[in-house]
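Chain by chain, the residues run as shown.
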There are 2 protein chains.
Amino acid sequence: MAIVIQSTRGAAAARLIALDWGTSSQRAWLLGDGGRILDGRRPEHGLLRTMADVDVTDAAARARACEAVFLEVCGDWLRAHPAIPSIACGMVGSAQGWWEAGYLTVPTDLDIEAGALTVVRHGQGELYIVPGLRLAPDLEHAIPGDVIRGEETQVIGALDLMPDSGRPRTVVLPGTHTKWLRIDNRKVNSFTTAMSGELYGLVTGHGILAYTATTAVRDDQAFARGLAAASTAPSRGLAAALFSARALALDGLLDPPSLPDYVSGVIIGDEVRHLLPEYTDRERIVLCGNADLCRRYASALDLHGVATEIVGEEITARGLWTVATTAGLVEPSPHDRGRTL
Amino acid sequence: MAIVIQSTRGAAAARLIALDWGTSSQRAWLLGDGGRILDGRRPEHGLLRTMADVDVTDAAARARACEAVFLEVCGDWLRAHPAIPSIACGMVGSAQGWWEAGYLTVPTDLDIEAGALTVVRHGQGELYIVPGLRLAPDLEHAIPGDVIRGEETQVIGALDLMPDSGRPRTVVLPGTHTKWLRIDNRKVNSFTTAMSGELYGLVTGHGILAYTATTAVRDDQAFARGLAAASTAPSRGLAAALFSARALALDGLLDPPSLPDYVSGVIIGDEVRHLLPEYTDRERIVLCGNADLCRRYASALDLHGVATEIVGEEITARGLWTVATTAGLVEPSPHDRGRTL
């Protein structure tokens, strides 16, 4: 499935402004009937940049900074379509964002009601912010909790595209902080976050391996080798598996430019082997996100005999449309119901 | 056991100049009969600093830089004791150091012969460099190799202090790159490196958790909690266990300043649980290195019912003395034989 981002003049049909506003990136869409994408933008306004010169302990200052960015990015849409509703998901709803939008505690279903959305005002109206998901800690068994913010909307979009098989299923969203969710009949039962993408960035960008791999090139074979090294039994743990990259380079068995892809294989392999037992499924696992990352997770899962299907990260627009219609911000167009993107 | 570093005038008894010259630190000792420490220095001349302004691809430039530092640090000892031999271990013998001193391939015994030492010349004589250890990769089974440089000398020193029980034993040297060695009758049979210390530095210094833990305080209880979280079965893998620190902080269950100690517990716990099965021993495991780090590993091993004994990192001076006497650089003093530090 491919979602084509179209720039059209179809002004009359615009129904919703939808934003995915994360820590390091931002996406904005103008959606028409049935959630059809009329226009799309990728402004360089992740929250880190938005807050670059802001005292983040000052809630009013944060709100002013977010409002200014929102109006800069979507102002022309707001002027062209007065009274159009706006909705956003992602870290914009965190305590470091525009306004803390709270969490739904799992188990929770994904048909989010209007009352669960948080409203912030801006110069030209209101913006609704989607809550994140929270897994409460189990203090008695010393099991920590977990949080999701933004990915819940991707999952909502992905579920719209998947026929309900009537059985629980697993959705994995690879990224800086990869999320694994267990979902049964549109209800999230549990989830786990692995900071694999962040570890990859730290190890290959700042650690001793960064000195070795000064010029990186893509090497799928090196990725496969790292994956195999981290997937073979018994596990020696991530810290030991990572050092093997250095040993291979010293032995001339791994070209330094291929080292980042080897490390990617090691980290993803270690994550998958450890989390899969908790998320095993006879159904295919749904991967949702960046195409290259999803391909890597699909390879890792394939090593364990698990089939996958991949949904692109643009599915967030679909998820925001679904949240907006469920909450009654926009009316679903009857003739567009059930239409897939 | 404590090694007291004494500054003495006992010039007549000086027998050996011994250096532990690593990537980020340097130790130099003037040793007397039986390896007794007559004088000790901790110059701020790790290799990274030594090579700060050097083109490290130029072997002659590297050698000049190392020679200058060596004469600056030990020149007065060399002048006061003409013809005194000098020996060094650590990354000074790597391809990025003074001169590549090669490796002994395991299995290998630790009675290193004179021919295995590498000699470099300096303005006032010669310096012998101890070889590292190398575990050859097993290409057939896609098992990577491993390398040690410097820790072999610590192990040699530690073994001098331990009665030979006639059975194999495990020595663990915690650090930036923690080493686990399996030793039988002074022979190293195998070893594994885990880059746990490096991961700790990256995660707490550069990652998202660094933003949370802006002011760190020591918190032994937080360490114990991290250790428990990473040691309980079944393992969810390091990438997921690390994210739990963020979730705990968001839930107000972990004070941000205590976060580094929690992360330390998670990383050490994950390393120990994964490597212990390969290094399990009915004997006590010997921990050798920084006292605080050894204490942390002892706690982690204790969770698995494994007893430990701790040897301080100053044991390197003892190891260098033993290498020098075994290789015939100095004569062991008969009346000092068997004397412990």
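Position labels on residues start from 1 in each chain and follow its written sequence. As they are written, the chains are lettered A onward and the ligands numbered 1 onward, keeping that order. With the structure being a predicted model, the display of local features is reserved for residues of pLDDT at least 70 and the display and counting of side-chain atom pairs for 80 or more, all residues being used for whole-chain, interface and lining totals. Excluding hydrogens and water, the side-chain values take into account all heavy atoms of the structure.

Moving on to the interface of chain A and chain B. Contacts are assigned to residue pairs with any non-hydrogen atoms lying within 4.5 Å of each other. Chain A puts 45 residues into the contact, and the matching count from chain B is 45 residues. Between chain A and chain B, a total of about 3,700 Å² is buried, with carbon and sulfur atoms accounting for 69% of that surface. Buried area counts how much accessible surface, traced with a 1.4 Å probe, disappears from two parts once they are put together, with both parts' losses summed. Among the residues of chain A in contact with chain B, M195(A), R236(A) and F243(A) are the three that bury the most area, contributing 18% of the side total. Salt bridge criterion: a side-chain nitrogen from Lys or Arg within 4 Å of a carboxyl oxygen from Asp or Glu. For the interface between chain A and chain B, the tally reads 4 salt bridges. One salt bridge in this structure joins E278(A) and R236(B), with 2.8 Å as the shortest N-O distance. Elements that contribute at least two residues to the side of chain A that touches chain B include exactly β9 (132-135), β10 (146-148), β13 (187-194), α4 (196-206), α5 (208-212), α7 (238-250) and α8 (259-279) of chain A. Working definition: helices are DSSP H or I runs of at least four residues, strands are E runs of at least two. Numbering for both runs from the N terminus. Of all the elements, α7(A) adds the most residues to the side of chain A that touches chain B, at 10 residues.

Residue and element names in this part refer to chain B. Inspection of the secondary structure assignment puts R62 in helix α2 (residues 59-80). Polar contact criterion, stated in full: a pair of N or O atoms within 3.5 Å, where within protein one must be able to donate a hydrogen and the other to accept it, and residues adjacent in sequence count only if both atoms are side-chain atoms. In this structure the side chain of R62 is engaged in a polar contact, spanning 2.7 Å, whose partner is the backbone oxygen of V56. Sequence-distant contacts of R62, that is, excluding residues within four places in its chain, are made with M51, V54, D55, V56, T57, A95, Q96 and G97.

For the rest of this paragraph, the subject is the state of the cysteines. Here, disulfide denotes a covalent bond that connects the sulfur atoms of two cysteines. Residues and elements named next belong to chain A. By disulfide we mean two sulfur atoms from cysteines, separated by a distance within 2.5 Å. In this structure the tally under the stated criterion is 0 disulfides over all chains. There is no disulfide at C74, and the cysteine sulfur nearest it, in C66, is 12 Å away. Exposure is judged per residue with a 1.4 Å probe applied to protein chains only, and the accessible area is read against the type maximum: over 50% gives exposed, under 20% gives buried, and values in between give partly exposed. For C74, a relative accessible area of 0% translates into the label buried.

All names here are of chain A. Two rings from Phe, Tyr or Trp (for Trp, the six-membered ring) form a pair when their centres are within 6.5 Å of each other. A pair whose planes differ by under 30 degrees is stacked, one over 60 is edge-to-face, and the rest are tilted. For the structure shown, the criterion picks out 6 aromatic pairs over all chains. Aromatic side chains W21 and W98 sit 6.3 Å apart centroid to centroid with 80 degrees between the ring planes, which places their arrangement in the edge-to-face category. Placement of the pair is W21 in strand β1 (residues 16-21) and W98 in the loop between β4 (86-89) and β5 (103-105), with a sequence separation of 77 residues. In this structure, W21 and W98 share a single accessibility class: buried. Ring-pair connections join several aromatic residues into one group, and the members of that group are W21, F70 and W98. For a Lys NZ or an Arg CZ to count as sitting over a ring, it must be within 6 Å of the ring centre and within 35 degrees of the ring normal. Directly above the ring of Y103 sits R149, whose terminal nitrogen or CZ lies 4.3 Å from the centroid.

We now examine the packing of α7(A) against α8(A). Two numbers describe a pair of packed helices, the interaxial angle and the distance between the axes. Residues and elements named next belong to chain A. Axis lines are fitted through C-alpha atoms, for helices just across the contact stretch, and the angle between N-to-C directions can take any value from 0 to 180 degrees. Running from N to C, α7 and α8 cross one another at 160 degrees; their axes reach a closest spacing of 10 Å. Judged by the inter-axis angle, α7 sits roughly antiparallel to α8. You can see that α7 and α8 cross each other, and the crossing is right-handed. Of the residues in α8, those in contact with L238, A241, L242, S244, A245, L248 and A249 of α7 are L259, Y262, V263, V266, I267 and D270. Working rule for angles: under 35 degrees goes down as roughly parallel, over 145 as roughly antiparallel, 65 to 115 as roughly perpendicular, anything else as oblique. Take the far helix as the reference: if the near one is turned anticlockwise from it by less than a right angle, the crossing is left-handed, and if turned clockwise, right-handed.

This brings us to the environment of G132(A). Residue and element names in this part refer to chain A. Take G132: it is sitting in strand β9. On the accessibility criterion, G132 (0% relative accessible area) is buried. G132 sits 18 residues away from G150 along the chain, and the two C-alpha atoms are 6.6 Å apart. In this view, G132 contacts G102, Y103, L104, I148, R149 and E152; residues no more than four positions away in its chain are not counted.

It is common to give the size of an interface as the accessible area that goes away when the parts come together. Residue and element names in this part refer to chain A. Each domain span listed reflects an automatic or database assignment of domains. Examined at the domain level, chain A breaks down into domain 1 (2-166 + 315-326) and domain 2 (196-311). Here the C-alpha centroids of domain 1 and domain 2 sit 30 Å apart. Facing the 5 residues of domain 1 at the interface are 5 residues of domain 2. Both faces considered, domain 1 and domain 2 share a buried interface measuring about 400 Å² in area, 75% of it formed by carbon and sulfur atoms. Sorting the residues of domain 1 by area buried against domain 2 places Q154, M162 and S165 first, and these three jointly supply 67% of that buried surface.

Another point: the relation of the copies chain A and chain B. Least-squares fitting of chain A to chain B yields an RMSD of 0.0 Å, with the superposition described by an axial translation of 0.0 Å and a rotation of 180 degrees. On the angle and the small slide along the axis, the relation comes out as a two-fold axis. Here 100% of the interface residues in chain A have copies in chain B that are interface residues too; the copies meet face to matching face. Copies are brought into register by a least-squares superposition over C-alpha atoms of residues with pLDDT of at least 70 in both.

All names here are of chain A. Viewed as axis vectors pointing N to C, helix α3 (residues 151-161) and helix α10 (residues 315-326) meet at an angle of 90 degrees, and their least axial separation amounts to 7 Å. In terms of their interaxial angle, α3 and α10 are classed as roughly perpendicular. Facing α3, whose interface residues are T153, Q154, I156, G157, A158, D160 and L161, α10 presents I315, T316, R318, G319, L320, T322 and V323. Think of it as three bins: nonpolar holds Ala, Val, Leu, Ile, Met, Phe, Trp, Tyr, Cys and Pro, charged holds Asp, Glu, Lys and Arg, and polar takes everything else, Gly as well. For the contact of α3 with α10, the class distribution of residues is 6 nonpolar, 6 polar and 2 charged.

Moving on, we come to the sheet that holds β9(A). Whenever strands of a sheet pair, they do so through backbone hydrogen bonds, lying parallel or antiparallel. All names here are of chain A. Between any two strands, pairing holds if DSSP finds at least two bridges. Read from one edge to the other, the open sheet built from 3 strands follows the order β5-β9-β10, with strand pairing classed as mixed. The open sheet is flanked by β5 and β10, the only strands paired with a single partner. For this sheet, the mean angle separating the axes of adjacent strands, direction not counted, is 25 degrees. Here β5 pairs with β9 via 3 bridges, running parallel.

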